[in-house]
Structures are given as C-alpha cells and as structure tokens.
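Results of the structural survey
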Amino acid sequence: MDIEMQDKAVDLIAERIDIAIRIASNPDPSLIGRPIAACDSVLVAAPDYLAAHTPIRSPEDLTAHSCLSYKQFDRPIWHLDKGEEHAAVAVQGKLSANEATTLLSAAIQGMGVSMQPVYLAHSAIARGQLSVVLPDWQPKAMDIYALHPSRRNQPPAVRALLDALIAHFAGSQWAPVAI
C-alpha cells in the first residue's frame, strides 16, 4: 500500500490512484464512492485571542475579526446555520492555507478565528487551547467520502480497504465538542 497525502483534489485516473478519502459536501460526480462518516465543523479561537478582541455574539461580528480561511476559496464566505436561520459571512484575515492543521495551529497560537472539523479541533478544545465561537451556529455539514474511479477491474486490496473503512466508520460518531 502506498499512501499519498495532499490537501487538494487530484485526478485519480491520471495519477493512478485507486481510492481517495475526501471531505466534501458534493463530491466529484465522475467518481464512484460513498460517504463513510459525517464531518461536522466548528468555529474556534484561542481564549487569549477572544479576550483581546471584541466579543463575537453573531455571525456578522466575524467581519471585524481575523479569520483564518482555506486558500482554495477565492473569497472566503462562511455559511452558518442556526435552526432555520442562515448567515453567509464574507470573512477576512491575514492568513489563509490549503491545509486544516496549519489553520488549527494558527488558531491555537492566537492568530484568529478558524473553521475546523470537529474531529481535528476536539482535543485542543478539551485541553482549553481553543474555545468554541458562536456555539449555536453550525457551519455547513460535510461528509467524508471514500472515492474511486471505477468498479471495473478493482484490485481486491482496494475492495478490502473500502470495506474496512465502511465497517470502521459505520455508526461511529466523532467525540462531541464540549462547549
């Protein structure tokens, strides 16, 4: 088994990749796959950052803060839901990156507010390194997908890995975020 880690979507056929694990709301329709787990996100910031800046009481307050955003978006707009309410907030900040752990580290260092997957931010929240921002507002939910280019001529090892991933994540939940 060869593992290649990238935080960008690649052409599975051109790169000769048998299976990809991607977090998305709508995966590439040209690929075959299925969701293997939910990927909820949360807004977080270091307690020191929050203490030094104006309070964040509504999604619109984020416009006055340094928000750490994902580079693949031209203009970062965070979509948040609270029950039937929806907010689309254009955020700005001094740092963007194409990889979630970079933004997580920056948030822990007090550089701003970050939207993070719960599975990634949970331990930093539990240790008190990060605080949840706007806990009643939820970022758009996504899923973790196992994707592959074709069912034809699928090597047995790929099928076994896919079956193992599906079995592992069946019915499992990420640890809840303590607010």
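Only a predicted model underlies this, so the values are computations on that prediction, with no experimental measurement involved.

Proximity of charged atoms lets side chains of opposite charge pair with each other. Summed over the entire model, instances satisfying the criterion amount to one salt bridge. Here Asp163 and Arg159 are joined by a salt bridge, their closest N and O atoms 2.5 Å apart. A residue pair is termed a helical-turn pair when its members lie 3 or 4 positions apart in one helix, as Asp163 and Arg159 do in helix H4 (residues 156-169) at four residues. For Arg159, a relative accessible area of 36% corresponds to the partly exposed category.

Where strands meet in a sheet, backbone hydrogen bonds hold them as pairs that are either parallel or antiparallel. The strand order across the open sheet formed by five strands is E7-E4-E8-E3-E9, and the pairing between neighbours is mixed. Taken across any chain shown, the strands that pair with only one partner, and hence form the sheet edges, are strand E7 (96-97) and strand E9 (131-133). Pairing between strand E4 (residues 67-70) and strand E8 (residues 113-117): two bridges, direction parallel. Among the inter-strand pairings, Cys67 is bridged to a residue of E8, identified as Val113. Along the sheet face, helix H2 (residues 100-108) touches E4, E7 and E8 and points at about 175° away from the line of E4.

Looking at the element boundaries, Ala167 is found in helix H4. Distance from Ala167 to Ile36, taken between C-alpha atoms, is 8.5 Å for residues 131 residues apart in sequence.

With that settled, consider the pairing of E8. Burial of E8 is extensive: five of the five residues sit out of reach of the surface. Covered by surrounding structure in E8 are Val113, Met115 and Pro117 together with Ser114 and Gln116, the residues of both alternating faces.

Taken together, the three strands give an open sheet; going across it, the order is E1-E11-E2, and neighbouring strands pair in antiparallel fashion. Looking at which strands have only one partner, the edges of the open sheet turn out to be strand E1 (20-24) and strand E2 (32-39). Neighbour-to-neighbour, the strand axes of the sheet open up by a mean angle of 30°, direction not taken into account. Pairing of E2 with strand E11 (residues 142-148) involves seven bridges; the strand directions are antiparallel. Across the sheet, the residue bridging to Pro35 is Tyr145, located in E11.

Bringing the packing of H2 against helix H3 (residues 118-126) into the picture now. To characterise two packed helices, one gives the angle between the axes of the helices and the distance between these axes. Orientation of H2 relative to H3, taken along the N-to-C sense of each, is 20°, at an axis distance of 11 Å. Classified by the angle between their axes, H2 and H3 sit roughly parallel to one another. The two elements H2 and H3 meet at a crossing, and its hand is right-handed. Contact residues: Ala100, Thr101, Leu104 and Ile108 in H2; Leu120, Ala121 and Ala124 in H3. For the contact of H2 with H3, the residue count by class is six nonpolar, one polar and no charged.

Conventions adopted
- All chains use their own residue numbering, which begins from 1 and follows the written sequence.
- Local features in a predicted model are, by the rule used here, given only for residues with pLDDT of at least 70; side-chain atom pairs are given and counted only at 80 or more, and totals for whole chains, interfaces and linings are based on all residues.
- Heavy atoms throughout the structure, all of them, feed into the side-chain values; hydrogens and water do not.
- Between Lys or Arg on one side and Asp or Glu on the other, a salt bridge is scored when a side-chain nitrogen of the former is within 4 Å of a carboxyl oxygen of the latter.
- Numbering goes from the N terminus for both helices and strands, where a helix is a DSSP run of H or I of at least four residues and a strand is a run of E of at least two.
- Only protein chains enter the accessibility calculation, which uses a 1.4 Å probe; a residue whose area is less than 20% of its type maximum is buried, one above 50% is exposed, and one in between is partly exposed.
- Here, any two strands with at least 2 DSSP bridges between them count as paired.
- In this description, contact between two residues means that some pair of their heavy atoms is separated by no more than 4.5 Å.
- Here an axis means a line fitted to C-alpha atoms, over the contact stretch when the element is a helix, while the angle between two N-to-C directions is reported on a 0 to 180 degree scale.
- Angles are sorted into four bins: roughly parallel if under 35 degrees, roughly antiparallel if over 145, roughly perpendicular if 65 to 115, and oblique for all others.
- Working rule for handedness: look at the near helix, and if it is turned counterclockwise from the far one by less than a right angle, call the crossing left-handed; if clockwise, right-handed.
- The residue classification treats Ala, Val, Leu, Ile, Met, Phe, Trp, Tyr, Cys and Pro as nonpolar and Asp, Glu, Lys and Arg as charged. All others, Gly included, are polar.

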